[in-house]
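Coordinate inspection notes
The residues making up each chain are set out below.
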Amino acid sequence: MAAPDASVPPLQESLWLTQEVVAAIHRLNRSESLERGRELRLRRRAAGQKPAVDVVDQASGEILDELPPEAVLRMMDELEKRREGDM
């Protein structure tokens, strides 16, 4: 899905980004792209700030790393490109 154009209000753009990131997190967690025992989780921040995506150890719940939402979207794009190449 393409990013909203410049005329979209910031709140709507933030909502769009969050929806895209949530969809990407669900797909990446179901794929075999992540290291075994790891999962991605969305962490909401204060109003007006972009959400963060945590890389979490499933067994301990420990946060191992934090990713910007854009990195998760790039990971999803790469996964889709690899899948298209396999077809």
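Position numbers for residues start from 1 in each chain and track the written sequence from start to end. With pLDDT at 70 or above as the cut-off, local features in this predicted model cover only qualifying residues; side-chain atom pairs require 80 or more to be listed or tallied, and sums for whole chains, interfaces and linings still use all residues. Only hydrogens and water are removed before side-chain values are computed, so all heavy atoms of the structure are retained for them.

1. What to know about the sheet that holds strand 1 (residues 38–43)
Strands sit in the order 1-2-3 across an open sheet of 3 strands; the sheet is antiparallel. Here the strands that pair on one side only, and so sit at the sheet edges, are strand 1 and strand 3 (63–67). Ignoring which end each strand starts from, the neighbouring axes of this sheet average 30° apart. With 4 bridges connecting them, strand 2 (residues 52–57) and strand 3 associate as antiparallel partners. Each bridged residue has a counterpart across the sheet, and for valine 53 the counterpart in strand 3 is leucine 67. DSSP bridges decide pairing: two strands pair if at least two such bridges lie between them. Per the convention used, a helix needs a DSSP run of H or I reaching at least four residues, while a strand needs a run of E reaching at least two, with both numbered from the N terminus. For helices, the fitted axis covers only the stretch in contact; all axes are lines through C-alpha atoms, and the angles between them, taken along N-to-C directions, range from 0 to 180 degrees.

2. With respect to the pattern of salt bridges
We define a salt bridge as a contact between a side-chain nitrogen of Lys or Arg and a carboxyl oxygen of Asp or Glu at a distance within 4 Å. Evaluation of the coordinates by the stated rule reveals 7 salt bridges. Of the charged contacts in the structure, one is a salt bridge between aspartate 57 and arginine 38, with a shortest N-O distance of 3.3 Å. Taken as a pair, aspartate 57 in strand 2 and arginine 38 in strand 1 lie far apart in primary sequence, 19 residues in all. When accessible area is computed with a 1.4 Å probe and restricted to protein chains, residues below 20% of their type maximum are described as buried, those above 50% as exposed, and intermediate ones as partly exposed. Look at aspartate 57 and you get buried, because its relative accessible area is 17%. Here arginine 38 falls in the partly exposed class, since its relative accessible area comes to 25%. A salt bridge links glutamate 39 to arginine 41; the shortest N-O distance between them is 2.6 Å. Salt bridges sharing common partners tie together Glu35, Arg38 and Asp57.

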